[in-house]
Amino acid sequence: MNIVWTVVTVLSLAVLTFTNPQGVLTVCLDSSAQALTTALGLCGVYCLWLGIFEVADRCKLVEGLSRLFTRLNRWLYGNIEKAASDYISLNLASNLLGVGNAATPSAISAIQVMEHEEQLSRSGAMLFVINATSVQLIPTTVIGLRASMGSANPSDILLPNLLSTIVTSVVGVALVFMAYGRPKS
């Protein structure tokens, strides 16, 4: 994929150089400034949520989340270790709040606990699908991006986003059940 992006970028710059030579530097500088502004705007959102999750972990709220999601985790993932269940519960909570990038560290930690073979297990596949499709009650990252780009109503995507994430999650879970069968308890 890196090769594709590199080729597309080089070709785009070459075409722009021939069609509008004085615009190349302007486009590059404007795009870089916009990327930096967007990244800095999102840093605040991520710092806030990562801080909240760290406080939740220290206050033992993660263990409470794990108990809350125990039945769901057992149904989706089968018999998994407690540490993996804790990480998966934190991942689910992060995804429900729409902070996908804040959910990534807990998903990586869960995979490290669950996966011991080179071939992806059923629980690892389920985590991948759930993390990728993730039902989002409040898509905070997308709302933050829309607000930083000057959207008149950044939160008007709540209902369409909720419906689409529910549909994709149900389809993804069904496909994992079809491919791997029911989890072993």
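The rules behind the values
Residues numbered from 1 in each chain as written. Predicted model: local features only at pLDDT ≥ 70, side-chain atom pairs only at ≥ 80, totals over all residues. Heavy atoms only, no water. Salt bridge = Lys/Arg side-chain N within 4 Å of Asp/Glu carboxyl O. Helix = DSSP H or I, 4+ residues; strand = E, 2+ residues; numbered from the N terminus. Buried < 20%, exposed > 50% of the residue type's maximum accessible area, 1.4 Å probe, protein only. Core = buried A, V, L, I, M, F, W, Y, C linked by side-chain atoms within 4.5 Å. Contact = heavy atoms within 4.5 Å. Patch = residues over 30% accessible without salt bridge, like charges linked within 9 Å, V, L, I, M, F, W, Y side chains within 5 Å. Areas by Shrake-Rupley, 256 points an atom, 1.4 Å probe, with all protein chains shown as cover. Phe/Tyr/Trp six-rings, centres within 6.5 Å; stacked < 30°, edge-to-face > 60°. pLDDT = per-residue confidence, 0-100.

Student: Explain the pattern of salt bridges residue by residue, including any values.
Tutor: The full count for this structure, using the stated rule, is two salt bridges. Taking the shortest distance from any N to any O, the salt bridge between Asp86 and Lys82 comes out at 3.0 Å. On the criterion of helical spacing, the pair formed by Asp86 and Lys82 is a turn pair, its members being four residues apart in helix H5 (residues 82–96). With relative accessibility at 15%, the residue Asp86 sits in the buried group. Note on Lys82: relative accessible area 53%, which makes it exposed. One salt bridge connects Asp156 with Arg146, and the closest N-O pair in it is separated by 2.6 Å. Of this pair, Asp156 sits in the loop between helix H8 (140–148) and helix H9 (158–180) while Arg146 sits in helix H8, and the two are 10 residues apart along the sequence.

Student: Which residues make up the nonpolar core, and what are the values?
Tutor: Judged by nonpolar contacts, the single largest core of 18 residues is most densely connected at Tyr77, Ile88, Met126, Leu127 and Ile130. Of all the elements in the fold, those that place two or more residues in this core are helix H4 (70–77), H5, helix H6 (100–114), helix H7 (122–133) and H9. Not counting the four nearest positions on each side in its chain, Met126 is found in contact with Leu76, Tyr77, Val173, Val176 and Phe177. With seven residues, the next largest nonpolar core counts Leu42, Tyr46, Trp49 and Leu90 among its residues.

Student: Tell me what's going on with the environment of Gly100, and back it up with residues and numbers.
Tutor: Here Gly100 shows up in helix H6. Each C-alpha atom, one on Gly100 and one on Thr141, is 7.6 Å from the other, the two residues being 41 residues apart in sequence.

Student: Describe in detail a nonpolar patch on the surface, supporting the description with residues and values.
Tutor: A cluster of nonpolar side chains, Met1, Val4, Trp5 and Val8, forms an exposed patch at the surface whose accessible area comes to about 460 Å². Along the chain, Val4 turns up in helix H1 (residues 2–19).

Student: Tell me about the packing of aromatic side chains, and name the residues and values.
Tutor: On inspection of all chains with the given rule, the structure shows one aromatic pair. A centroid spacing of 5.0 Å and a plane angle of 35° characterise the contact between Trp75 and Phe177, whose relative ring orientation is tilted. In this pair, Trp75 sits in helix H4 while Phe177 sits in helix H9, placing the two residues 102 residues apart along the sequence. With relative accessibility at 42%, the residue Trp75 sits in the partly exposed group. In this structure Phe177 comes out as buried when scored by relative accessible area, which is 16%.

Student: Explain the environment of Pro105 to me, and be specific about the residues and the numbers.
Tutor: Mapped onto the elements of the fold, Pro105 is located in helix H6. Distance from Pro105 to Tyr87, taken between C-alpha atoms, is 8.8 Å for residues 18 residues apart in sequence.

Student: If you had to explain the confidence of the model for the protein chain to someone new, which residues and values would you point to?
Tutor: On average, the protein chain scores 84 in pLDDT, and the residues at 70 or more come to 99%. Per-residue pLDDT, averaged within each element of the protein chain, yields its smallest value for helix H3 (residues 61–68) (76) and its largest for H9 (92).

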